[in-house]
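Structural overview for review
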Amino acid sequence: MYTGIAHGKYRAHVKQQQDGILKLTIDLGSYGQDLAIGASVAVNGVCLTVVSNSNGIASFDIGTETARISNLGELNDGSYVNVERSFRVGDEVGGHILSGHVADVVRVESNTHHGSESLLEFVVPEAWRQYVMPKGFVALNGCSLTVAEFDRESGVGSINLIPETLRRTTFRDVAKGDRLNLEVDSQTQAVVDTVRAVMTDKNWIQSIQ
């Protein structure tokens, strides 16, 4: 589990293996010194398992399905990624609880800088629009963010990025056409799905009376 507060951005090295698996290696320095084999780390919001670690240089395997559903399959050797280790029970949760199981990707419409801040506009795929709302939470590339505005019909949403977020993540360099990993707020999803199920059952009962 994660909080959506990225520790920082790190350079990733990617190598395609013969079996189709992508080998991802990241030098996490002191942040990864004590990472155990089998530990979970969020890379651009995707929960990955540590398969090796040597003095903070951690490696991960990216399967074909993970590469397909996220933007990890689009990484170039030397790309920067947002990284967060799993939080410990008792730690302060500054964002919102994330699983690292991304739902889909959103397409960036624009990333407009205003002084030290930025306005990021993106399009949410139709299947996930029902779980996004103004002032609600989403995670993009593993970062817990508050939705400023959202048009459910077009799927266009916007987020205001403060200087600290731009400093410690990859968002400053995001451009139109880029794809960002999306994880919707699980509590919002549970409420929406439950209400829809109840309303469907109610309508069905009324139709047979």
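Everything here concerns the structure above.
Everything quoted here is computed from the prediction, not taken from an experiment. (Residues numbered from 1 in each chain as written. Predicted model: local features only at pLDDT ≥ 70, side-chain atom pairs only at ≥ 80, totals over all residues. Heavy atoms only, no water.)

Its boundaries defined by the atoms lining it, the largest pocket holds a volume of some 380 Å³. If you go around the largest pocket, you meet 16 residues; those closest to its centre are Asn44, Leu75, Ser79, Tyr80 and Asp178. Broken down by secondary-structure element, the contributors of at least two residues to the lining of the largest pocket are β6 (80-85) and β13 (179-184). Broken down by class, the residue content of the lining of the largest pocket amounts to five nonpolar, six polar and five charged. In this structure, the second largest pocket spans a volume of roughly 290 Å³. Considering the residues around the second largest pocket, the lining is formed by 15 residues, among which Ile5, Ser144, Leu145, Ile162 and Thr165 are closest to the centre. A per-element tally of the lining of the second largest pocket places strand β10 (residues 143-146) first, with four residues. A class-by-class count of the residues in the lining of the second largest pocket yields seven nonpolar, six polar and two charged. (1 Å grid on protein atoms, 1.4 Å probe; cavity = no way out; pocket = protein on both sides within 12 Å on 5 of 7 lines; lining within 4 Å. Points joined across faces, edges and corners; volume = space filled by probe spheres on them. Helix = DSSP H or I, 4+ residues; strand = E, 2+ residues; numbered from the N terminus. Nonpolar A, V, L, I, M, F, W, Y, C, P; charged D, E, K, R; others polar.)

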